[in-house]
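Examination of the molecular architecture
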Amino acid sequence: MTRIGIVGAGAAAAAAAYAIERRVEDAIAEITVLEKSGGVCGRAATRRRDEVTYDYGANYVKDDDERVTELLTERLGTDGLVDIVEPIWTFDSDGAVSEGRDADEHKWTYEDGLSGIATRLFAHTDATIRFETRVETIRRDESAEVWRLEDADGDRWGPFDAILVTPPAPQTASLLRAAEWDAANRSALVNAVDAVPYRTIWTGVFHYPFELERPYYALVNTDKAHEIGWIAREECKPGHVPDGESLVIVQANHGWSVDHFDDDPSTNLEHLARLTAELLDDERLLEPDWTDYQGWRYALPEAGVDRDPIRGAASAGLYCLGDWVAGEGRLHAALRNGLETGERVAETVP
Ligand SMILES: Cc1cc2nc3c(=O)[nH]c(=O)nc-3n(C[C@H](O)[C@H](O)[C@H](O)COP(=O)(O)OP(=O)(O)OC[C@H]3O[C@@H](n4cnc5c(N)ncnc54)[C@H](O)[C@@H]3O)c2cc1C
């Protein structure tokens, strides 16, 4: 029996667990996933309130990778998979809205939200997932050639023959820095992981008890000089918003998000609602009937990691994976990297 521990239950982790169990019989590999939050799919995050479902992290997954497209449209079944057909338009720093620039042929999510990707992947596995379990220490037991994990409550997990570490690079770097693991190349690994730059996004969520008539699903700021980077309408996703209501997701740009990350959320929401009302030229948007928000300090990696130290760690049974290892802050890239890493891990199972 090969014991595999996975830190995090995001899209890359779910794809890796799925790939391992497709290649290896359940009786031969046992997978334990430790996730710090209360749900799966990490930054591809979904919440529900009343009858409304909204994706407040990643907005959708696009068809930019053949393997991921096959996974979503064939292997996982298409039950609940929905395509956003309305286009993406643009706006500039002066607030001028223009048609065009929708390069994404398919923009998929699920009726029950984008986090449904990880739910569906894990449902194809026998992996045990422990929620509200934040891994704090990684330990290597060199004599037994196994890994052990310790969580924030002091509970210990393992032994594991291999561990898969999936948090965003800065959080993975902290774990690796604090790891009890004597390896000559550990500092090179920590430095490489720590060097991955990230974009921060502060997201505001605004619900309205009326419909917003617009010809587009979303607006993206192309000159990157507006305080808002992205505005999207969840009602364009079938099954997300009841008729007669609207839900607007507003993502602030990096500079504004960093400057206001720890400010009073209600002040931030008020500011973003005002900018949105101006952009969409609709004063009703100043008064949502409810709001929500999320600060994503490590929203999007802006470059990939140096792969050499990552490969070196894998030879000792510590695999790093996720969008930052793929080198692209996109859900399809995280899924692809998860599938490939899972297959590499499966190859080591005797
Ligand atoms: C605001 C925003 C908008 C985005 N928009 C899009 C989009 O429209 N399209 C697109 O393709 N991509 C988008 N992305 C990017 C996409 O969400 C990510 O590329 C993808 O979800 C990364 O998946 P992952 O599995 O690599 O990492 P994550 O989703 O970050 O998964 C890592 C998991 O590890 C857990 N974790 C962290 N630390 C620990 C610990 N110590 N112990 C246990 N668990 C831990 C986390 O809770 C998380 O569940 C967006 C991201 C954000 C934040």
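Quick summary incoming for the structure in this document. Please read all numbers here as calculations on a predicted model, not as lab measurements. (Residues numbered from 1 in each chain as written. Predicted model: local features only at pLDDT ≥ 70, side-chain atom pairs only at ≥ 80, totals over all residues. Heavy atoms only, no water.)

A few words now on the nonpolar core. In this structure, Ile117, Leu121, Phe122, Leu164 and Leu335 are the most contacted members of the largest nonpolar core, which totals 46 residues. It is helix 1 (residues 11–23) that contributes the most residues to this core, 10 residues altogether. Domain assignment of the residues forming this core places at least three in each of domain 1 (2–46 + 118–196 + 305–347) and domain 2 (48–113 + 198–301). Other than its neighbours up to four places away in sequence, Phe122 contacts Ala9, Ala13, Ala14, Ala17, Val33, Val40, Ala127 and Ile129. Formed by 29 residues, the second largest nonpolar core is a distinct cluster that contains Ile138, Ile163, Val165 and Val305. (Core = buried A, V, L, I, M, F, W, Y, C linked by side-chain atoms within 4.5 Å. Buried < 20%, exposed > 50% of the residue type's maximum accessible area, 1.4 Å probe, protein only. Helix = DSSP H or I, 4+ residues; strand = E, 2+ residues; numbered from the N terminus. Domains from an automatic or database assignment. Contact = heavy atoms within 4.5 Å.)

Turning our eyes to something else, we now look at the site of the ligand. Residues in contact with the ligand amount to 35 residues; listed here are only the nearest, Glu35, Arg43, Tyr60, Asp323 and Leu331. In this structure, a nitrogen atom belonging to the ligand sits 3.2 Å away from a main-chain N or O atom of Lys36. Between the ligand and the protein, one listed contact pairs an oxygen atom with a side-chain N or O atom of Asp323 at 2.7 Å. Expressed as a share of its isolated accessible area of 1,000 Å², the protein-covered part of the ligand is 96%. Taken together, the elements giving at least two residues each to the shell around the ligand come down to helix 1, strand 19 (290–301) and helix 10 (331–347). No other element matches the 3 residues that strand 19 contributes to the shell around the ligand. Considering only residue class, the shell around the ligand consists of 18 nonpolar, 11 polar and 6 charged. Each of domain 1 (2–46 + 118–196 + 305–347) and domain 2 (48–113 + 198–301) gives at least three residues to the shell around the ligand. (Near = heavy atom within 4 Å. Polar contact = N/O pair within 3.5 Å; in protein donor to acceptor, adjacent residues only side chain to side chain. Areas by Shrake-Rupley, 256 points an atom, 1.4 Å probe, with all protein chains shown as cover. Nonpolar A, V, L, I, M, F, W, Y, C, P; charged D, E, K, R; others polar.)

Inspection of helix 8 (residues 307–314) places Pro309, Ile310, Ala313 and Ala314 among the buried residues, and these make up the whole buried set. What you see down the axis of helix 8 is that its buried residues fit within an arc of 145°, all on one side. In helix 8, the exposed positions that point more than 90 degrees away from the buried face belong to Asp308 and Arg311. As for helix 8, its buried residues are in contact with helix 5 (186–194), strand 20 (318–320) and helix 9 (323–326). Where helix 8 starts, the residue carrying a side-chain oxygen 3.2 Å from the main-chain nitrogen of Asp308 turns out to be Asp306. (Arc of directions from axis to C-beta.)

Here Thr276 lies in helix 7 (residues 265–279). Given the relative accessible area of 2%, Thr276 is considered buried. Beyond its immediate chain neighbours, meaning those up to four positions away, Thr276 contacts Ile228, Ile231, Val248, Val250, Asp281 and Leu285.

Along the polypeptide, Ile88 turns up in strand 7 (residues 88–91). For the pair Ile88 and Pro215, spaced 127 residues apart in sequence, the C-alpha separation works out to 9.2 Å.

Attention now goes to the state of the cysteines. One pass over the full model with this rule turns up 0 disulfides. For Cys41, which is in no disulfide, the shortest distance to another cysteine sulfur is to Cys320 and amounts to 20 Å. Here Cys41 falls in the buried class, since its relative accessible area comes to 2%. (Disulfide = S-S within 2.5 Å.)

Turning our attention to the environment of Glu211. Looking at the secondary structure, you find Glu211 in the loop between strand 15 (198–208) and strand 16 (218–221). For the pair formed by Glu211 and Asp243, sequence separation is 32 residues and the distance between their alpha carbons is 7.4 Å. Apart from residues no more than four positions distant in its own chain, Glu211 is found in contact with Asp243, Gly244, Glu245, Ser246 and Arg284. At 2.7 Å, the side chain of Glu211 forms a polar contact with the backbone nitrogen of Gly244.

Across the sheet, 7 strands lie side by side as 8-7-16-17-18-15-19; this open sheet has mixed pairing. Edge positions in the sheet fall to strand 8 (97–98) and strand 19, since each of these pairs with one other strand and no more. Pairing geometry for strand 16 and strand 17 (residues 228–233), over 3 bridges, is antiparallel. When the sheet's bridge partners are listed, Leu219 is paired in strand 17 with Ile231. Running over the sheet, helix 7 touches strand 7, strand 8, strand 15, strand 17, strand 18 (246–252) and strand 19 and is turned about 75° from strand 15. (Pairing = 2+ DSSP bridges. Axes fitted to C-alpha atoms, helices over the stretch in contact; angles between N-to-C directions.)

In this structure the tally under the stated criterion is 11 aromatic pairs. An aromatic cluster is defined as three or more aromatic residues linked by ring pairs; in this entry it consists of Tyr54, Tyr56, Trp290 and Trp296. Between the NZ or CZ atom of Arg120 and the centre of the ring of Tyr110, over which it lies, the distance is 3.9 Å. The aromatic ring of Phe261 is capped on one face by Arg297, whose charged end is 4.0 Å from the ring centroid. (Phe/Tyr/Trp six-rings, centres within 6.5 Å; stacked < 30°, edge-to-face > 60°. Lys NZ or Arg CZ within 6 Å of the ring centre and 35° of its normal.)

Another point: the packing of helix 4 (residues 169–178) against helix 5. At a minimum axis separation of 8 Å, helix 4 and helix 5 run at an interaxial angle of 160°. In terms of orientation, helix 4 lies roughly antiparallel with respect to helix 5. In the packing of helix 4 onto helix 5, the handedness of the crossing is left-handed. For the pair helix 4 and helix 5, contact is made by Ala169, Thr172, Ala173, Leu176, Arg177 and Ala178 and by Arg186, Leu189, Val190, Val193 and Asp194, respectively. Partitioning the contact of helix 4 with helix 5 into residue classes produces 7 nonpolar, 1 polar and 3 charged. (Parallel < 35°, antiparallel > 145°, perpendicular 65-115°, else oblique. Left-handed = near helix turned anticlockwise from the far one by under 90°.)

Right, let's get into unusual backbone geometry. A cis amide bond links Gly158 with the next residue in sequence, Pro159, at an omega value of 5°. Here Pro159 is to be found in strand 13 (residues 156–160). The backbone of Glu132 shows a phi angle near 50°, a positive value even though the residue is not glycine.

Read these as geometric descriptors, not functional statements.
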